[in-house]
Amino acid sequence: MNNSVGNTARLLGAGLRALLVLTVICGVIYPLAVTGIAQALFNDKANGSEIKDQSGRVVGSSLIGQSHNLPKQNPDDPAEVAKPDLRWFQPRPSNGLGSNSVNTRYSLILSGATNRSADNGAVNGLCPTDAEEGTLCAQVVAAKDAVITDNSTASHKVRPEDVPADAVTSSGSGLDPHISPEYARIQVHRVAERNGLDVQQVERLVADHTTGRTLGFMGEPRVNVLELNTALKALTKG
């Protein structure tokens, strides 16, 4: 009996010692070591890939897209659709899955796609202009019309064939912070006109904020919209 109690006590003691040691190693030392290495070697990424304006104020993350809309006339009306502020470059459509009272700059509480098939609303493989409301085709047609209307100026008309796919479709996550250089370029004339800038100035701004393929062959060239608009704001103030 005494041997049984003694063995049990030794086993419990060994288990408690192992629990204490592993708690210190895995719960204290390892997290502190990983955090220290991340802060030392990848400080920007470890802190959320923050984007700051000229004053040093954090305006967002380079990993999460933001909308650039005019204030709603009635902020409490969930049915009212916010209109884009055409002074700024616009991101991809973000067919939000809900409202977000914390980050009102982006109307998502979840990350996800539309879950509609590529031919949703299509007729004979093409999207008709009178596509059924609520279908992917209806969203694409409406978005394309808006892109053409919003970005056409007195001196520059956007043609339907100039509108790239990312201008009328949301990304798989709905949170993509990037647009294609083609989509950025068709916004140049409108942004220049609305901000009283030369078209060449805005074109250079887009070129300076265009990132090429990773390692020269992975992915596609892209433009981070928030970074571009932050630079645009600095340019207009300058």
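Coordinates for the structure precede this section.
Let us look at the structure shown here. None of these values were measured; they are calculated from a predicted model.

### Points about a nonpolar patch on the surface
Reasoning step 1: The grouping of L20, V21, V24, I25, V28, I29 and L32 at the surface amounts to a nonpolar patch, some 630 Å² of accessible area in total.
Reasoning step 2: When you line up the elements, V21 lands in helix α1 (residues 2-41).

### Looking at the pattern of salt bridges
Reasoning step 1: Counted by the stated rule, this structure contains 7 salt bridges.
Reasoning step 2: R185 is paired through a salt bridge with E182; the nearest N and O atoms lie 3.5 Å apart. Placement of both R185 and E182 in helix α4 (residues 181-186) is noted, with a separation of 3 residues, approximately one turn of the helix.
Reasoning step 3: One salt bridge connects R213 with E220, and the closest N-O pair in it is separated by 3.1 Å.
Reasoning step 4: Taking the relative accessible area as the measure of exposure, E220 reaches 51% and is therefore exposed.
Reasoning step 5: Shared partners join several salt bridges into a network, and the residues in it are R159, E161 and D162.

### Notes on the packing of helix α5 (residues 188-195) against helix α6 (residues 199-208)
Reasoning step 1: Where α5 contacts α6, the two axes come as close as 9 Å, and the packing angle between them is 125°. For the element pair α5 / α6, the angle class is oblique. Crossing handedness for the pair α5 and α6: right-handed. Together, V188, H189, V191 and A192 of α5 and V199, V202, E203 and V206 of α6 make up the contact between the two elements.
Reasoning step 2: Counted by class, the contact of α5 with α6 contains 6 nonpolar, 1 polar and 1 charged residues.

### Some details on the sheet that holds strand β4 (residues 210-211)
Picture the strands of a sheet paired through backbone hydrogen bonds; they go either parallel or antiparallel.
Reasoning step 1: Taken in spatial order, the 3 strands make up an open sheet running β3-β5-β4, and their pairing is antiparallel. Every other strand in the sheet has two partners, leaving β3 (178-179) and β4 as the edge strands with one partner each.
Reasoning step 2: Direction of pairing for β3 relative to strand β5 (residues 222-224): antiparallel, over a ladder of 2 bridges. Among the inter-strand pairings, I179 is bridged to a residue of β5, identified as V223.
Reasoning step 3: Its contacts with the sheet place helix α7 (residues 225-237) against β3 and β5, and it is angled at close to 60° to β5.

### Here's the deal with α5
Reasoning step 1: In terms of burial, α5 is largely enclosed, as 6 of its 8 residues are buried.
Reasoning step 2: Those residues of α5 not exposed but buried are V188, H189, R190, V191, A192 and N195.
Reasoning step 3: Packing partners of the buried residues in α5 comprise α3 (136-151), α4, α6 and α7.
Reasoning step 4: One or two residues past the end of α5 sits G196, with phi positive at roughly 65°.

### Considerations on the packing of α6 against α7
Reasoning step 1: Where α6 meets α7, the axes come as close as 10 Å, and the angle between the chain directions of the two elements is 145°. You can see that α6 and α7 cross each other, and the crossing is right-handed. Across the interface between the two elements, Q201, L205 and V206 from α6 touch L228, A231, L232 and L235 from α7.

Rules of the game
- Residues numbered from 1 in each chain as written.
- Predicted model: local features only at pLDDT ≥ 70, side-chain atom pairs only at ≥ 80, totals over all residues.
- Heavy atoms only, no water.
- Patch = residues over 30% accessible without salt bridge, like charges linked within 9 Å, V, L, I, M, F, W, Y side chains within 5 Å.
- Areas by Shrake-Rupley, 256 points an atom, 1.4 Å probe, with all protein chains shown as cover.
- Salt bridge = Lys/Arg side-chain N within 4 Å of Asp/Glu carboxyl O.
- Helix = DSSP H or I, 4+ residues; strand = E, 2+ residues; numbered from the N terminus.
- Buried < 20%, exposed > 50% of the residue type's maximum accessible area, 1.4 Å probe, protein only.
- Axes fitted to C-alpha atoms, helices over the stretch in contact; angles between N-to-C directions.
- Parallel < 35°, antiparallel > 145°, perpendicular 65-115°, else oblique.
- Left-handed = near helix turned anticlockwise from the far one by under 90°.
- Contact = heavy atoms within 4.5 Å.
- Nonpolar A, V, L, I, M, F, W, Y, C, P; charged D, E, K, R; others polar.
- Pairing = 2+ DSSP bridges.

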